[in-house]
Amino acid sequence: MIKTIRKLFGGIDLTWPKLIIAAVAAGIITGVIALIPALHYTSLHAVTVTFEVWILFGLQIIMNSKSNLDSALKCFVFFLISQPIVYLTQVPFSELGWALFGYYKTWFIWTLLCFPMGFVGYWMKKDKWWGYLILLPMIALTGYSYYGYFSDFQFSMPRYIFIVLFCAGAMVLYPVMIFDKKGIKAAGAALGGAAVVALTVICLLNPPVYSTEIMGNGAEYQFDDSYTVYLADEKYGDVVIRYMDSAEDYMLHADFKRAGDTILTLKSPAGEKTEFDIHIERDRYEYTKRTSEKNDKKN
């Protein structure tokens, strides 16, 4: 299997037609993934927002090119074609329409950088120890993604498990796939493995918490610090009523610790309860007031 994977890093006849077809396909597939709500907050959605999968594409282009200039041009053209197509695929179906291309600015800057990165990256094929130093920034970016997605995995288990495994595997296996010398392979894999372990320990010691204000005292729902608030299942986090100086009023504050669905209860000093169905994600939440029919079913 390792031999088969290694062919992806130097065993492909990467012609220009193949590169262009791959760029168009990558752009369309990524755009479609971004449009499907069910894929949000999953491993597949990672390709639409972060670098790690695109780094893999870039490394494959570099290792299957024939010269520094060939590598630089192919990296540049691949991303020059694929990234706009990601947005173009979404335009007809998005409320933002053509305004979506406002997000392309950052990716265009990275596209420009692909030319020098592709040129320098080709020297990894010389199989020298300093080639790992060229690869190291790509491993560092993948490690940054690993850290973020492992935290998301902790919050939303078992979601994100595939992108977590992808990043961890990439950090260890890239030097094994790219270099021929056993010393570089072993040292690179060991350093990548050590980074994975270190980042994992950091994440485990600092579990993710999504802190936010759910609602404020107002015309729709009235409460103060004499009220009691709680979640039906405490594993999802903690909620408390506190006075916010900035709002000059009471706010219902939450420290969410896990994604999922539970019931939020607001209880008055007289014992009257107002219940809400609340859906929690890593960076957002939704709640709706429970109807009397729902409450009857619960009771």
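In what follows, the structure referred to is the one given above.
Residues numbered from 1 in each chain as written. Predicted model: local features only at pLDDT ≥ 70, side-chain atom pairs only at ≥ 80, totals over all residues. Heavy atoms only, no water.

Visitor: Would you mind going over the sheet that holds strand β2 (residues 228-231) with me for this structure?
Guide: In any sheet, the strands associate via hydrogen bonds between backbone groups, in a parallel or an antiparallel arrangement. Taken together, 4 strands build an open sheet; the order of strands is β2-β5-β6-β7 and the sheet is antiparallel. The open sheet has two free edges, formed respectively by β2 and β7 (285-289), since each of these has just one partner strand. On average, adjacent strands in this sheet sit at an angle of 25° to one another, irrespective of strand direction. Both strand β5 (residues 260-267) and strand β6 (residues 273-280) contribute to a ladder of 8 bridges, which runs antiparallel. In the strand pairing of β6, T262 is matched with I278. (Pairing = 2+ DSSP bridges. Helix = DSSP H or I, 4+ residues; strand = E, 2+ residues; numbered from the N terminus. Axes fitted to C-alpha atoms, helices over the stretch in contact; angles between N-to-C directions.)

Visitor: Quick question: what am I supposed to make of the environment of I62 here?
Guide: Looking at where I62 falls in the secondary structure, it is placed in helix α3 (residues 52-63). The spatial distance from the C-alpha of I62 to the C-alpha of M117 is 9.2 Å, given a sequence separation of 55 residues. Those residues in contact with I62, other than ones at most four positions away along the chain, are S71, C75, M117, G118, G121, Y122, M124 and K125. (Contact = heavy atoms within 4.5 Å.)

Visitor: Just checking my understanding: could you explain the pattern of salt bridges for this structure?
Guide: Side chains that differ in charge, positive against negative, can pair when their charged atoms come close. Evaluation of the coordinates by the stated rule reveals 9 salt bridges. We note a salt bridge from D152 to R282, for which the minimum N-O separation is 3.3 Å. Note that D152 is positioned in helix α6 (residues 131-156) and R282 in the loop between β6 and β7, a separation of 130 residues in sequence. Residue D152 is classed as buried on the basis of its relative accessible area, which comes to 15%. The partner of E275 in a salt bridge is R290, with the nearest N and O atoms 3.6 Å apart. (Salt bridge = Lys/Arg side-chain N within 4 Å of Asp/Glu carboxyl O. Buried < 20%, exposed > 50% of the residue type's maximum accessible area, 1.4 Å probe, protein only.)

Visitor: Looking at this structure, how should I read the packing of helix α2 (residues 16-35) against helix α4 (residues 68-90)?
Guide: Packed helix pairs are characterised by how far apart their axes lie and by the angle those axes make with each other. In the contact formed by α2 and α4, the axes pass within 7 Å of each other and the chain directions differ by 30°. Classed by the angle they form, the pair α2 and α4 counts as roughly parallel. Classified by chirality, the crossing of α4 by α2 is right-handed. Partitioning the contact of α2 with α4 into residue classes produces 17 nonpolar, 6 polar and 2 charged. (Parallel < 35°, antiparallel > 145°, perpendicular 65-115°, else oblique. Left-handed = near helix turned anticlockwise from the far one by under 90°. Nonpolar A, V, L, I, M, F, W, Y, C, P; charged D, E, K, R; others polar.)

Visitor: Whenever I open this one, the packing of α3 against helix α7 (residues 161-178) confuses me. Can you help?
Guide: One way to put it is that α3 packs onto α7 with a least axis distance of 11 Å and a crossing angle of 20°. With respect to each other, α3 and α7 are oriented roughly parallel. Here α3 runs over α7; the crossing is left-handed. Contacts from E52, V53, I55, L56, L59 and M63 of α3 reach α7 at I163, F166, C167, Y174 and I178. Taken together, the residues that form the contact of α3 with α7 break down as 10 nonpolar, no polar and 1 charged.

Visitor: Sorry if this is basic, but what is going on with the packing of aromatic side chains here?
Guide: Taken as a whole and assessed by the stated rule, the structure comprises 23 aromatic pairs. Between F119 and W123, the aromatic rings sit 5.7 Å apart at their centres with planes inclined by 85°, giving edge-to-face as the arrangement. Look at F119 and you get partly exposed, because its relative accessible area is 31%. Judged by centre distance (5.8 Å) and plane angle (25°), the rings of Y149 and Y160 are stacked. Here the residue Y149 occupies a position in helix α6, and Y160 occupies one in the loop between α6 and α7, the gap between them amounting to 11 residues. (Phe/Tyr/Trp six-rings, centres within 6.5 Å; stacked < 30°, edge-to-face > 60°.)

Visitor: Explanation requested: helix α5 (residues 104-121) in the structure shown.
Guide: Note that an α-helix has 3.6 residues per turn; residues three or four places apart therefore point the same way. Over its 18 residues, α5 extends 24 Å from the first C-alpha to the last, a length consistent with the 26 Å expected when each residue adds 1.5 Å. What α5 keeps buried is the set Y104, W107, T111, C114, G118 and G121. Packing partners of the buried residues in α5 comprise α3, α4 and α6. (Expected span 1.5 Å × (residues − 1).)

Visitor: Help me understand the nonpolar core, please; the structure alone is not making it clear to me.
Guide: Note on soluble globular proteins: their nonpolar side chains tend to be buried together. Among the nonpolar cores identified, the biggest contains 53 residues, and L135, Y146, Y174 and I178 are the most heavily contacted of them. Those elements that provide at least two residues to this core are α2, α3, α4, α5, α6, α7 and α8 (182-205). With 10 residues, α7 is the largest single contributor of residues to this core. In contact with Y174, other than residues within four places in its own chain, are F9, E52, I55, L56, L59, L135, I139, T142, F166 and G169. Core analysis: the next-biggest nonpolar cluster, separate from the first, contains 20 residues, M215, F223, L252 and I280 among them. (Core = buried A, V, L, I, M, F, W, Y, C linked by side-chain atoms within 4.5 Å.)

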